[in-house]
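# Working through the structure, step by step
In case you want the letters, here they are:
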Amino acid sequence: MTSLADRPVRPAPGTDQALRRGATGVLLGNWTGASTVPSRTLYPHQWSWDSAFVAIGLRHLSVRRAQRELESLFAAQWADGRVPHIVFNPAVPEDAYFPGPGFWRSSRAGQPAGAPPAPETSGIVQPPVHALAAWLVHRADPDRSRRRGFLARLYPRLAAWHDYLLTRRDLGGGGLAAVVHPWEPGTDNSPCWDRALARVAPAPPDAFRRADLAHGRAADRPTDLDYGRYVRLAADYREAGYDDRRAAHGFALEDPCFNALLIAGEHALAATARALGRDGTPHTARADALTRHLVTRLWDADAGLFRARDLRTDTLVGERAVTGLVPLIVPRLPAGVAAALRATLTGPGFRAPATGLVPSYDLTGPAFDPQRYWRGPAWFNTAWLIRRGLRTHRMETDAEHLRRAVLTEAGRTAFAEYVDPVTGAPRGARHFSWTAALALDLLCDPGTPGTPDTPVP
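Residues numbered from 1 in each chain as written. Predicted model: local features only at pLDDT ≥ 70, side-chain atom pairs only at ≥ 80, totals over all residues. Heavy atoms only, no water.

## Here we look at the environment of Asn189
Our working definition: A run of DSSP states H or I qualifies as a helix once it reaches four residues; a run of E qualifies as a strand once it reaches two. Both are numbered from the N-terminal end. Any pair of residues with heavy atoms lying within 4.5 Å of one another is described as a contacting pair. Think of a polar contact as two N or O atoms within 3.5 Å of one another; within protein, one of them needs to be a possible hydrogen donor and the other a possible acceptor, and neighboring residues in sequence only count if both atoms come from side chains.
With respect to the helices, strands and loops of the structure, Asn189 is situated in the loop between helix H8 (150-167) and helix H9 (194-197). Sequence-wise, Asn189 and Thr296 are 107 residues apart; in three dimensions their C-alpha atoms are separated by 26 Å. If we skip the residues at most four places from it in the chain, Asn189 touches Pro222, Asp226, Tyr230, Arg372, Tyr373, Trp374 and Arg375. Engagement of the side chain of Asn189 in a polar contact is seen with the backbone nitrogen of Trp374, the distance being 3.0 Å.

Dropping the structure here:
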């Protein structure tokens, strides 16, 4: 479908056409026929929050393909409502990625929790960006969306996904969703998880073989010790049948980014419900309750950002990470919280000298590493989320600076997975799908705060 590369997309004034064509080429190259892989080498299957970000960009090229991206993901939804973090492509060799379908064994181990007989999936989840993505895809062409019944078909699945998080994953009893594996918040080896992970006995080194190191530098990736603990947690969850009521959950935390995206998703579901002629009030009420819980349980006024809460110790994690800034995307924050987040964002801890992006961890923090995955490098998806949050709170100048930084760095690094915030060197995979998709979205720059494109009350 190479004609998409030449399709008009309603670009913003002054759009860089070479960048647009480059981003389009990445998305076309990573398309499999039903969904988009994050990377042809490192990530050869469908990832959950990746697909949500990809759909946001694809809507500018093909609304139908953007719809299909989300529909293919939700076709693998479990009966308990969870959306698995990986949907495996059976045409990809088992050893192309670890842990693969033979490790997760979803159709057998996950059967009591409602895993589908096919396709094979993982048993854990990723951040709930999907309702926001579905709403933005709908807004790109409402007439076509209505003709295909896109929102009508996806809405009950999205609602069931949020219900799962708000019931079975309220492990702390405080009204927030908990993550039970470092892969679930999407920030795998963040220093925020170090203390909780230290309590987990790693799987023995001969129990797994890392496929990621065949495609990425060891200095960029999580350590073998981290991986051993990831494997142990996933295996324990699998042995419990992926049942959140049975599992011991040696790792359980409330992550501010994860819950902020759940709040944004509830606002998007309220808008979706109204578009379908239904009452959106229950979703707005849930968003407001979640916002109160987020502030009560995770806001640290002294630090000027949100922190994760370790449910095993019922204490806030001491590390400062980009996940504590993403709640800018929440529209009804208390007075002063958004301003404090902006001050932290523009302060010495998160003002990257080389890129203008936002480092994944405090530049002045004791665990900062400019190269290693989520321990310092700047990512494009968190920049996109924070930029959206800045616009939500009418901080337009800061939002525009971040938009320009994303576009500049995406083009300069051949759409890298992430970048060194100190030197600007590209890291991880190149031609990365969400980097291309979100750059394309910012090239088109749709909407302003308060318009139907942004479900802000």
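## As for unusual backbone geometry
Of note, the amide linkage connecting Phe98 to Pro99 takes the cis form, showing an omega dihedral of 0 degrees. Relative to the helices and strands, Pro99 is located in the loop between strand S2 (86-87) and helix H4 (101-104). In this model, Ala118 is joined to Pro119 through a cis peptide bond whose omega is -5 degrees. On the secondary structure map, Pro119 appears in the loop between helix H5 (106-109) and helix H6 (130-140). For Tyr373, which is not a glycine, the phi torsion comes out positive at approximately 40 degrees. Tracing the sequence through the fold places Tyr373 in the loop between helix H13 (337-345) and strand S8 (378-379).

## Focus: the sheet that holds strand S7 (residues 315-316)
Where we set the bar: A pair of strands counts as paired when DSSP detects no fewer than two bridges linking them.
A sheet is described by the order of its strands in space; here three strands give the open sequence S3-S6-S7, paired in antiparallel fashion. Each edge of the sheet is formed by a strand with only one pairing partner; in this case those strands are strand S3 (253-254) and S7.

## A few points about helix H15 (residues 396-412)
Where we set the bar: Helix span, as expected, comes to 1.5 Å for every residue beyond the first. To sort residues, take the accessible area from a 1.4 Å probe on protein chains only and compare it with the maximum for the residue type: under 20% means buried, over 50% means exposed, and anything in between is partly exposed.
The terminal C-alpha atoms of H15 lie 24 Å apart, and with 17 residues this matches the ideal 24 Å at 1.5 Å per residue to within 8%. Those residues of H15 not exposed but buried are Asp398, Ala399, Leu402, Arg403, Ala405, Val406, Leu407, Glu409 and Ala410. On its buried face, H15 is in contact with helix H1 (17-29), H13, helix H14 (380-392) and helix H16 (433-444). A positive phi of about 60 degrees marks Ala414, the residue just after H15.

## Focus on the packing of helix H2 (residues 48-58) against H16
Worth spelling out the cut-off: Lines fitted to C-alpha atoms define the axes, with helix axes restricted to the stretch in contact, and inter-axis angles between N-to-C directions lie between 0 and 180 degrees. Angles below 35 degrees are treated as roughly parallel, those above 145 as roughly antiparallel, those between 65 and 115 as roughly perpendicular, and all remaining angles as oblique. By the definition used in this description, the sense in which the near helix is turned from the far one sets the handedness, with an anticlockwise turn below a right angle giving left-handed and a clockwise turn giving right-handed. Under this grouping Gly is polar, as are all residues other than the nonpolar Ala, Val, Leu, Ile, Met, Phe, Trp, Tyr, Cys and Pro and the charged Asp, Glu, Lys and Arg.
Packing of H2 against H16 leaves a shortest axis separation of 7 Å and a crossing angle of 30 degrees. Relative to H16, the element H2 lies roughly parallel. At the point where H2 passes H16, the crossing takes the left-handed sense. From H2, Trp49, Asp50, Phe53, Val54, Ile56 and Gly57 reach across to H16, where they touch Ser433, Trp434, Ala437, Leu438, Leu440 and Asp441. A per-class count over the contact of H2 with H16 returns eight nonpolar, two polar and two charged.

## Thoughts on the state of the cysteines
Counted only if it meets this: Note that a disulfide, as used here, is simply two cysteine sulfur atoms within 2.5 Å.
For the structure on display, the rule yields zero disulfides. Lacking any disulfide linkage, Cys257 is separated from the closest cysteine sulfur, that of Cys192, by 11 Å.

## What about the pattern of salt bridges?
Oppositely charged side chains are able to pair whenever their charged atoms sit close together. Cut-off, in case you're wondering: Salt bridges are defined by distance alone: a side-chain nitrogen of Lys or Arg within 4 Å of a carboxyl oxygen of Asp or Glu.
Summed over the entire model, instances satisfying the criterion amount to 27 salt bridges. Arg320 is paired through a salt bridge with Asp362; the nearest N and O atoms lie 2.8 Å apart. Within this pair, whereas Arg320 is found in the loop between S7 and H13, its partner Asp362 is found in the loop between H13 and S8, the two being separated by 42 residues in sequence. In this structure Arg320 comes out as partly exposed when scored by relative accessible area, which is 21%. The class of Asp362 is buried, set by a relative accessible area of 5%. A salt bridge links Asp398 to Arg342, with the shortest nitrogen-to-oxygen separation between them at 2.5 Å. Of the two residues, Asp398 sits in helix H15 while Arg342 sits in helix H13, which places them 56 residues apart along the sequence.

## Comments concerning empty space enclosed by the protein
To be explicit about the condition: Using a 1 Å grid laid over the protein atoms alone, points where a 1.4 Å probe fits but cannot get out form a cavity; open sets with protein on both sides within 12 Å along at least 5 of 7 lines form a pocket; any residue with an atom within 4 Å of a point counts as lining. Grid points are joined across faces, edges and corners, and a volume is the space filled by probe spheres set on the points.
Applying the stated criterion across every chain, the model contains four cavities of 30 Å³ or more. Surrounding the largest cavity, 20 residues form its lining, Tyr43, Trp47, Gln126, Asp188 and Tyr373 being those nearest its centre. Per-class residue counts for the lining of the largest cavity are 13 nonpolar, three polar and four charged.

## As for H14
In a regular helix each residue adds 1.5 Å, so 13 residues correspond to 18 Å; H14 covers 18 Å between its end C-alpha atoms and thus fits that length. With 13 of its 13 residues buried, H14 lies for the most part within the structure. Where H14 ends, the next residue or the one after it, Arg394, has phi of about 65 degrees, a positive value.

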